[in-house]
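# Coordinate inspection notes
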Amino acid sequence: MIRKQEQENFEGKEVANTDNLLLAPKYDIVFHSLFKKGNENITKALIQDITGREYKIIDMDKNVIISNDNIKNKNEVLDLKVELDDGEICNIEIQLTNKKNFKERMLQYWAKLYSGQLKKGEDYRTLKRTILIAIVDFDIKEFLNEEYHTEWKIIENKNRKLILTNDFELHIIEMKKAKKILKDNKDDKIAQWMSFFDNPNSMEVRKMSEENEDINEALEQLRRLSANKELVELMDRQDRYERDRRAELDFAIDEGREQGREQGREQGREQGRKDRNIEIARKMLKKNMSIQEIMEITELSEDEIKKLN
């Protein structure tokens, strides 16, 4: 469990010494550094708490490992992919922003994982259950209920108990909703994980780690990672990049708005000039001036002038 000295660092809602603040596991670099080969226990606990089934982890070799040797060269990390017993595949990813076509991308990603199991010439019967777990740090507007964890399968429309296949399994967890659950249900393990992902420095996480051995082990591993200067520097670079990207986006939006306003003003001025020329053309027609003369003076087309008669 948490050592005495470390307990003192957790007094209050947040850690008092900012130098001891733990990195948030909801960021991809930290997440993949934490749930990697060698940390199968906490990875298995996370999967089991979400799916409600016990598993053995067979293989995590396909994942990118963040280490002191290669951390400087890793700007992007693959999603966490785990092979479970009986060949089942589980993939976990965390989405911090609501990107366009989220649901469609999840389906396409699951399909790619599922079909990717087949090698040339293999029978379809070799395909195994593929579990996709998507943890999102935003509210999905289409989900009107208060459930923070939804599990999706392919079912028959009339007979809701009839499932086409157990191979398809999609879990979507809304982090913001999950954290609210802890107010009324402190023992909800998935909500505890979500609180840990979001803010491992909170008193709430410190208290739950005293009862939840898996959270406590994850917290211990996270302390080691948070002491890794290279990982902290990498997170700082990523944070600066994201801030710069948002600033550039905000600037582009402001520029676009200003250009739009200027374009609108120019269109208004152009329309005003045309309206004045139309009025002049009407007066010239009343004086029986030729269409050619009116065209030269007002710059209106022949068709536009004829419509004024």
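Just above sits the structure.
A few words now on the sheet that holds strand 3 (residues 89-95). The mixed open sheet is built from six strands, whose spatial order is 1-2-3-4-6-5. This sheet does not close on itself; its edge strands, each paired only once, are strand 1 (57-59) and strand 5 (149-155). The average angle at which neighbouring strand axes cross in this sheet is 30°, direction not considered. In the sheet, strand 3 pairs with strand 4 (residues 130-136) via seven bridges, with the strands oriented parallel. From the neighbouring strand, Ile-94 faces strand 4, where its bridge partner is Ile-135.

Turning next to the pattern of salt bridges. This model, assessed by the stated rule, comprises 15 salt bridges. Salt-bridge contacts for Glu-151 lead to Lys-153; the nearest nitrogen and oxygen are separated by 3.6 Å. The exposure class of Glu-151 is partly exposed, given its relative accessible area of 39%. Linking Asp-198 and Lys-179 is a salt bridge whose minimum nitrogen-to-oxygen distance equals 2.9 Å. One end of the pair, Asp-198, is in helix 6 (residues 189-198); the other, Lys-179, is in helix 5 (residues 175-181), and 19 residues separate them in sequence. Look at Lys-179 and you get partly exposed, because its relative accessible area is 26%.

Okay, unusual backbone geometry next. For Asp-86, which is not a glycine, the phi torsion comes out positive at approximately 65°. When you line up the elements, Asp-86 lands in the loop between strand 2 (80-84) and strand 3.

Mapped onto the elements of the fold, Glu-83 is located in strand 2. Residue classification places Glu-83 among the partly exposed positions, given a relative accessible area of 29%. Spatially, the C-alpha atom of Glu-83 lies 5.5 Å from that of Ile-58, the residues being 25 residues apart in sequence.

What counts and what doesn't
- Residues numbered from 1 in each chain as written.
- Predicted model: local features only at pLDDT ≥ 70, side-chain atom pairs only at ≥ 80, totals over all residues.
- Heavy atoms only, no water.
- Pairing = 2+ DSSP bridges.
- Helix = DSSP H or I, 4+ residues; strand = E, 2+ residues; numbered from the N terminus.
- Axes fitted to C-alpha atoms, helices over the stretch in contact; angles between N-to-C directions.
- Salt bridge = Lys/Arg side-chain N within 4 Å of Asp/Glu carboxyl O.
- Buried < 20%, exposed > 50% of the residue type's maximum accessible area, 1.4 Å probe, protein only.

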